[in-house]
Amino acid sequence: AQSVSQHNHHVILSEAASLELGCNYSYGGTVNLFWYVQYPGQHLQLLLKYFSGDPLVKGIKGFEAEFIKSKFSFNLRKPSVQWSDTAEYFCAVTQRNTGFQKLVFGTGTRLLVSP
Amino acid sequence: DGGITQSPKYLFRKEGQNVTLSCEQNLNHDAMYWYRQDPGQGLRLIYYSQIVNDFQKGDIAEGYSVSREKKESFPLTVTSAQKNPTAFYLCAVRQANQPQHFGDGTRLSIL
């Protein structure tokens, strides 16, 4: 079965530090990849997505992610985090053989940014 | 997300009772989904529906039931057969070739 691994469960950074959150998936076929963010008390929001084309995708709030097919990875990055980036981040994948219908999530990474 | 309404926001249930969570959308999207979120486990798919009068089981469907009688509505019933129903439940919608968008969620607790 398809699985998604997020290796960092909790990350603590100071403001202005750089961020990289890891995400690996297990399916070898065609995939669509997503990062969602859940700010405290808010609903789950799409941060960025990859469907095809340029493997480096840019999202909202200065986030970007790079799809490396050979490593089955889709890591999230931000050069300089802010206190307002404190949230839980979820990597998610859909695959062609389910018609891209079933979204499989990683277990999430809680990011705390200290001012 | 705007256009997706989950109600109620908080719900309490006595053991042995069934309870129904509401999800309504005015986005005219075809597909609707129910997920369960537990701390440290991410989101897990319960049921999904790609079209009216049709739905499929997700990864953790046991103890849950759904219906899709109207395009805009996809209610989830948590039955007494669900052994650990306390969780945060999220509804999502999707139009073809687009990402899923989520409602604000319903937090269900057992009294």
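Right, let's walk through the structure included here. Treat the numbers as computed from the prediction; the structure is a model and nothing was measured.

## Topic: unusual backbone geometry
All names here are of chain B.
Part 1 of the argument: Of note, the amide linkage connecting S7 to P8 takes the cis form, showing an omega dihedral of -10°.
Part 2 of the argument: Relative to the helices and strands, P8 resides in the loop between β1 (4–7) and β2 (10–13).
Part 3 of the argument: Residues other than glycine seldom take positive phi values, yet N28 does so here, at roughly 60°.
Part 4 of the argument: Mapped onto the elements, N28 comes out in the loop between β3 (19–25) and β4 (31–38).

## Quick notes on the state of the cysteines
Part 1 of the argument: Within this structure, the stated rule accounts for two disulfides over all chains.
Part 2 of the argument: Here A:C23 pairs with A:C91 through a disulfide, and the sulfurs are 1.9 Å apart. Here A:C23 and A:C91 share a disulfide; its torsion about the S-S bond, -65°, makes the bridge left-handed. Pair noted here: A:C23 is in the loop between β3 (19–21) and β4 (24–25) and A:C91 is in strand β10 (residues 87–95), with a separation of 68 residues, a long-range link. Each member of the pair, A:C23 as well as A:C91, is classed as buried.
Part 3 of the argument: Shown here is the disulfide that connects B:C23 with B:C91, its sulfur atoms set 1.9 Å apart. Classification of the bridge connecting B:C23 and B:C91 rests on its S-S torsion, roughly -70°, and on that basis the disulfide is left-handed. With B:C23 in strand β3 and B:C91 in strand β9 (residues 87–94), this pair connects stretches of sequence that are 68 residues apart.
Part 4 of the argument: Residue classification places B:C23 among the buried residues on the basis of a relative accessible area of 1%.
Part 5 of the argument: The class for B:C91 is buried, based on a relative accessible area of 0%.

## Re the packing of aromatic side chains
Part 1 of the argument: Under the criterion given, the structure shown has 15 aromatic pairs over all chains.
Part 2 of the argument: Ring geometry for B:Y64 against B:Y89: centres 5.9 Å apart, planes inclined by 65°, an arrangement best described as edge-to-face. Residue B:Y64 is located in strand β7 (residues 64–66), and its partner B:Y89 is located in strand β9; the two are separated by 25 residues in the primary sequence. This pair shows no difference in class: B:Y64 is buried, exactly as B:Y89 is.
Part 3 of the argument: One aromatic cluster in this structure is built from A:F34, A:Y36, A:F51, A:F90, A:F105, B:Y33, B:Y35, B:Y48 and B:F102.
Part 4 of the argument: Above the plane of the ring of A:F51 lies A:K49, whose end atom (NZ or CZ) is 5.9 Å from the centre.

## A word on the environment of A:N8
Residue and element names in this part refer to chain A.
Part 1 of the argument: Locating N8 in the fold gives a position in the loop between β1 (4–5) and β2 (10–14).
Part 2 of the argument: Relative accessible area serves as the criterion here: at 31%, N8 is assigned to the partly exposed category.
Part 3 of the argument: Sequence separation between N8 and K71 is 63 residues, and the spatial gap between their C-alpha atoms is 17 Å.
Part 4 of the argument: Those residues in contact with N8 that sit more than four places away from it in its chain are E20, L21, G22, G108 and T109.

## Quick word on the environment of B:Y64
Residue and element names in this part refer to chain B.
Part 1 of the argument: A residue is classified by how much of its surface remains accessible, and Y64, at 5% relative accessible area, is buried.
Part 2 of the argument: Along the primary structure Y64 and L108 are separated by 44 residues, whereas in three dimensions their C-alpha atoms are 13 Å apart.
Part 3 of the argument: Residue contacts for Y64: discarding those within four places in its chain leaves R36, I46, Y47, L76, T77, V78, T79, Q82 and Y89.
Part 4 of the argument: For Y64, the side chain forms a polar contact with the side chain of Y89, separated by 2.9 Å.

About the thresholds
Residues numbered from 1 in each chain as written. Chains lettered and ligands numbered in written order. Predicted model: local features only at pLDDT ≥ 70, side-chain atom pairs only at ≥ 80, totals over all residues. Heavy atoms only, no water. Helix = DSSP H or I, 4+ residues; strand = E, 2+ residues; numbered from the N terminus. Disulfide = S-S within 2.5 Å. Buried < 20%, exposed > 50% of the residue type's maximum accessible area, 1.4 Å probe, protein only. Phe/Tyr/Trp six-rings, centres within 6.5 Å; stacked < 30°, edge-to-face > 60°. Lys NZ or Arg CZ within 6 Å of the ring centre and 35° of its normal. Contact = heavy atoms within 4.5 Å. Polar contact = N/O pair within 3.5 Å; in protein donor to acceptor, adjacent residues only side chain to side chain.

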